[in-house]
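Topology and contacts: notes
Here is how the chains run, residue by residue.
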Amino acid sequence: MIENIKEIYRYREMLKNLVKKDLRTRYKGSFLGFLWTFVNPLLQLIVYTIIFSTVMRINIDKFYMFLFVGLLPWIFFSTSVQVSAGTIIANKDLVKKIYFPREILPLSVVTSGLVNLLFGFIIIFISLIISKIGITVSLVYLPIVIIVEYIITLAFSFLVSALNVYFRDLEHILGIVMMAWFYFTPIIFPIRMIPKEYLKYFFLNPMTPIIVSYKDILYYGRSPDFLMLGISMLIGLLIIIFSYNVFKILQKNFAEEI
Amino acid sequence: MDVIKVKDVWKKYKIYHDKGSTLKERILFKNRNRYEERWALKGIDLDIKKGETVGLIGENGSGKSTLLKLLTKIIYPNKGEIEIKGKVSSLLELGAGFHPDMTGRENIYMNASIFGLTKEEIDKKLDDIISFSGLEDFIDNPVRTYSSGMYMRLAFSVAINVDADILLIDEVLAVGDTSFQKKCIEKMVELKNKGVTIVFVSHDNNMVKRLCDKAIWLKNGNIASQGIVKDVINNYLDHLNTKSNIKCTEDSKNEINSTNNQVISEREVSIEKEEVKDIKPANKNKRWGNKYVEILQVDMFDKDNKSKHIFISGETVRISIKYKVNKKVDDVVFGIGIFRDDEVCCYGTNTFIDNYKIDKLTGRIDVEIDNLNLITGKYYLDVAVHDKFGLPYDYIKKILSFNVETRTEEIGVVRLAHKWHIL
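Residues numbered from 1 in each chain as written. Chains lettered and ligands numbered in written order. Predicted model: local features only at pLDDT ≥ 70, side-chain atom pairs only at ≥ 80, totals over all residues. Heavy atoms only, no water.

This is how it is decided: UniProt positions are given in the numbering used here, feature names are shortened, and annotations may be inferred rather than shown by experiment.
As named in an unreviewed UniProt entry, chain B is Sugar ABC transporter ATP-binding protein, taken from Thermohalobacter berrensis. Per UniProt, chain B has the following entry under Sequence similarities (unreviewed entry): "Belongs to the ABC transporter superfamily."

As recorded by an unreviewed UniProt entry, chain A carries the name Transport permease protein and is attributed to Thermohalobacter berrensis. UniProt's Sequence similarities (unreviewed entry) comment on chain A is quoted here verbatim: "Belongs to the ABC-2 integral membrane protein family."

1. Details of the domain arrangement of chain B
Interface size is commonly expressed as the accessible surface area that is lost when the partners come together. Here is the rule we go by: For the domain bounds, the source is a domain assignment made automatically or taken from a database.
Domain boundaries assigned for chain B yield domain 1 (2–234), domain 2 (235–277) and domain 3 (286–405). On a C-alpha basis, the centres of domain 1 of chain B and domain 3 of chain B stand 40 Å from each other.

2. A look at the interface of chain B and chain A
What counts is decided by this rule: Any two residues whose heavy atoms approach within 4.5 Å at even a single point are treated as in contact. Note: buried area is the sum, over both parts, of the accessible area (probe 1.4 Å) each one loses when the two are combined. By definition here, a salt bridge exists when the distance from a side-chain nitrogen of Lys or Arg to a carboxyl oxygen of Asp or Glu is within 4 Å. As used in this structure description, the phrase polar contact means that two N or O atoms lie within 3.5 Å; if the pair is within protein, one of them must be able to donate a hydrogen and the other to accept it, and residues adjacent in sequence are counted only when both atoms belong to side chains. Labels follow the DSSP assignment, with helices taken as runs of H or I lasting at least four residues and strands as runs of E lasting at least two, numbered in each case from the N terminus.
Each side of the interface is counted separately: chain B has 34 residues, and chain A has 29 residues. Both faces considered, chain B and chain A share a buried interface measuring about 2800 Å² in area, 58% of it formed by carbon and sulfur atoms. Ranking the residues of chain B by area buried against chain A places Ile 74, Tyr 76 and Ile 114 of chain B at the top, with a combined share of 22%. At the boundary of chain B with chain A, the tally comes to 2 salt bridges. There are 6 residue pairs in polar contact (both at pLDDT 80 or more) connecting chain B and chain A. For the side of chain B that touches chain A, the elements supplying multiple residues, two or more each, are strand E1 (2–16), helix H1 (23–28), helix H3 (104–114) and helix H4 (119–133) of chain B.

3. A look at the pattern of salt bridges
All names here are of chain B. Defined as follows: Per-residue accessibility, obtained with a 1.4 Å probe over protein chains only, is compared with the maximum for each type, and a residue is labelled buried under 20%, exposed over 50%, and partly exposed between these values.
Taken as a whole and assessed by the stated rule, the structure comprises 23 salt bridges over all chains. We note a salt bridge from Arg 144 to Asp 101, for which the minimum N-O separation is 2.8 Å. Here Arg 144 is found in the loop between H4 and helix H5 (148–160), whereas its partner Asp 101 is found in the loop between strand E5 (88–91) and H3, with 43 residues between them in sequence. Accessibility assignment for this pair places Arg 144 and Asp 101 in one class, exposed. Note that Asp 163 and Lys 125 form a salt bridge whose closest N and O atoms lie 3.4 Å from each other. With Asp 163 in the loop between H5 and strand E6 (166–170) and Lys 125 in helix H4, the pair connects residues that are 38 residues apart, well separated along the chain. Counted as one network, the salt bridges with shared partners bring together Lys 187, Glu 190 and Lys 194.

4. Details of the environment of Ser 131 of chain A
Residue and element names in this part refer to chain A. With respect to the helices and strands, Ser 131 occurs in the loop between helix H7 (104–130) and helix H8 (142–166). Taking the C-alpha atoms as reference, Ser 131 lies 8.0 Å from Lys 62; in sequence the two are 69 residues apart. Apart from residues lying up to four places away in sequence, Ser 131 is in contact with Lys 62, Tyr 64 and Met 65. From its side chain, Ser 131 meets the backbone oxygen of Leu 128 in a polar contact 3.2 Å long.

5. So, the sheet that holds E1 of chain B
All names here are of chain B. So the rule is basically this: The rule for pairing is simple: two strands pair if DSSP sees at least two bridges between them. As a rule, the C-alpha atoms of each element are fitted with a line to give its axis, helices using only the stretch in contact, and angles between N-to-C directions run from 0 to 180 degrees.
Read from one edge to the other, the open sheet built from 3 strands follows the order E2-E1-E4, with strand pairing classed as antiparallel. The sheet is open, and its two borders are formed by strand E2 (35–49) and strand E4 (79–84), each paired with just one other strand. Going across the sheet, the axis of each strand differs from the next one's by a mean of 25°, ignoring polarity. The pairing of E1 with E4 spans 5 bridges and is classified as antiparallel. Counted as the bridge partner of Lys 7 is Glu 81 from E4.

6. Thoughts on the packing of aromatic side chains
Residues and elements named next belong to chain A. Operational definition: Stacked, edge-to-face and tilted labels apply to pairs of Phe, Tyr and Trp rings (six-membered ring for Trp) whose centres lie within 6.5 Å, assigned for plane angles under 30 degrees, over 60, and everything in between, in that order. A ring has a charge above it when a Lys NZ or an Arg CZ is no more than 6 Å from the ring centre and no more than 35 degrees off the ring normal.
On inspection of all chains with the given rule, the structure shows 30 aromatic pairs over all chains. Look at Phe 52 and Phe 63: their rings are 6.4 Å apart centre to centre, the planes differ by 40°, and that puts the pair in the tilted class. Taken as a pair, Phe 52 in helix H4 (residues 39–55) and Phe 63 in helix H5 (residues 63–90) lie far apart in primary sequence, 11 residues in all. One aromatic cluster in this structure is built from Tyr 48, Phe 52, Phe 63, Phe 66, Trp 74, Phe 77, Phe 156, Trp 181, Phe 182, Tyr 183, Tyr 219 and Tyr 220. For the cation-ring pair, Arg 102 lies above Phe 100, with the distance from its terminal atom to the ring centre recorded as 4.8 Å.

7. Comments concerning the side chain of Arg 287 of chain B
Tracing the backbone shows Arg 287 of chain B in strand E10 (residues 287–288). Among the polar contacts made by the side chain of Arg 287 of chain B, one reaches the side chain of Asp 394 of chain B at a distance of 2.6 Å.

8. Some points on a nonpolar patch on the surface
Residues and elements named next belong to chain A. Inclusion rule: Residues enter a patch when their relative accessible area is above 30% and they make no salt bridge; the linking distance is 9 Å between like charges and 5 Å between nonpolar side chains (Val, Leu, Ile, Met, Phe, Trp, Tyr). Note that accessible areas follow from Shrake-Rupley with a 1.4 Å probe, and for residues the cover is restricted to the protein chains shown.
A grouping of Trp 36, Val 39, Leu 43, Ile 46, Val 47, Ile 50, Ile 51, Val 55 and Met 56 is seen on the molecular surface, where their side chains present a nonpolar patch of about 890 Å² in accessible area. With 7 residues, the top contributor of residues to the nonpolar patch is H4. Within the secondary structure layout, Leu 43 lies in helix H4.

9. So, the UniProt feature "transmembrane region" (unreviewed entry) in chain A
Residue and element names in this part refer to chain A. Mapped onto this numbering, the UniProt entry annotates "transmembrane region" (unreviewed entry) at residues 31–51, 63–84, 104–128, 140–167, 173–191 and 226–247. Between the first and last C-alpha atoms of residues 63–84 the distance is 31 Å; the span itself is 100% helix and 0% strand. Between the C-alpha atoms that bound residues 173–191 there is a distance of 27 Å. The span itself is 58% helix and 0% strand.

10. Re unusual backbone geometry
Of note in the backbone geometry, Lys 62 of chain A takes a positive phi value of approximately 45° without being a glycine. Within the fold, Lys 62 of chain A resides in the loop between H4 and H5. The class of Lys 62 of chain A is partly exposed, set by a relative accessible area of 27%. Non-glycine residue Glu 343 of chain B carries a positive phi angle of around 75°. Structurally, Glu 343 of chain B is set in the loop between strand E14 (333–340) and strand E15 (345–350). The partly exposed category is assigned to Glu 343 of chain B, whose relative accessible area is 39%.

11. Re the environment of Leu 423 of chain B
Tracing the sequence through the fold places Leu 423 of chain B in the segment after strand E18 (392–405). Sequence-wise, Leu 423 of chain B and Phe 138 of chain B are 285 residues apart; in three dimensions their C-alpha atoms are separated by 53 Å.

Now the structure itself:
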């Protein structure tokens, strides 16, 4: 494991280049291009806001902000996992011809998603200030939550990117899985609306503590539940060790399978 | 010190008849995933010492590329162990990871980073890479504007300038023009002298002889022979020769049968048969072409018109080619080639090169060599008749073999006319 991490570190320039390439094609080298990547999340935000504040009427003050602070991190998770699923196939020329640690590929997907999320936080901060919710000192805890989310996202990305080589329709199945996962994570609704007897099941979902923490820090302006976050971190580490090992085993046949 | 250790490595490929690669297919059509197994490598044992240059030879499908891919860790063995010490760079296929829209310079950074170099390392190497590629004027143009030769040159320059301890090369040296090839070989020699271990696959036996300290001949997934380069290559060539002899004898049998069938309907049955017989003993090797013009008989004569197959160096030789025309053709070029038994082409020419125009097809053409000044050895004669673009009517390889003897102990291929001046 340590050897592997060392090797990934040795290939950091490749990781950097892949991330840069991805961001450059995404932003097309301009600020407008960068804003363009927020069209999709903004549309989602508008739709959910209209439905859940006028039709389904969840009684939350400034619902759009409540939603926004959870939606962006969710999009980071879901797109990273979905893009990772196809990344080995998309880079098959490389995988078949050159040796490099294959984990660089999902790693670069998640990392460029992270960079995108960090830019997104700037927009979140601006919106928080404009909407007069404001930002508080609890913001110092934000990096911890981001790190935990990064680890969990990476864990699932390793898993699906390796599995998708063997089961090509996983990429499409993931679309449905992600939609279900979205609704079973307290993004649109606050956690207090979940009936008591079901609450524990929601916490089986590793994304629940993450989203709840983001909302605590950004929307409610209070410190997150550290016990919950700590457990979440621990679970994150466990699943990343598991999924990384699965990846390591499955990657041996990548060049032959694609 | 062994830097590459391969212990009893086996590798099989699964050849699927109808492969299901989705979850749905794998669950629903379980029996669709039938496959055949093919062992590409069957128990390879190999030790390569630091600084050795090793040539892998063998026929297509003998497992050379599989072995290289295993050493690179692109694929993994089914059984056995591979131990590699040091940084590996591989040139299995060039230009993987090049981005057409990025400039040459950007692609150097991208590509070198895939080989595991850091930014600082690439910065240091950049000038070397660019000057080696010889693409200074184009380096800031997008790679899509490059010709395929330029593309390969850039790719090769990056791959070979990665500071590796072990370099694995798969038949990629046939890159670019002759001068670039020469540069590549010089670079390999330079790396070799620096102590880089090089393993390369090649079908160019002469290059293997020139560069390698050791050769390994792979045959059907096994090591057929390894060790001293010359011996291994000779074993390999022997094997190829016997194999092609067997094949060609069968071919020529078939050919003769079919010719015979044709001939029966013709009138000149007896003559044809005789002529076919004449060609038979020589026709042990390869022959191809559409037979619009067909070579019937070839022989060599000395100055007294005596048919001979052993010559003294310097003798006058006449090669006589008898042929017949099966179909009217516009232009005809006759050619000969003399090869030494180790496949070195000693001399070749044809009537087109020599500016002879052939207007009449009389059924016989002779070529006279005033001075056959070859050095002692066994030689083969190739004879061909083709159109002026090289499309063969009839091409016969090794139609004859002859020996040349020299009275002196000169070495080389030909005797160059010379004098010594003591001043």
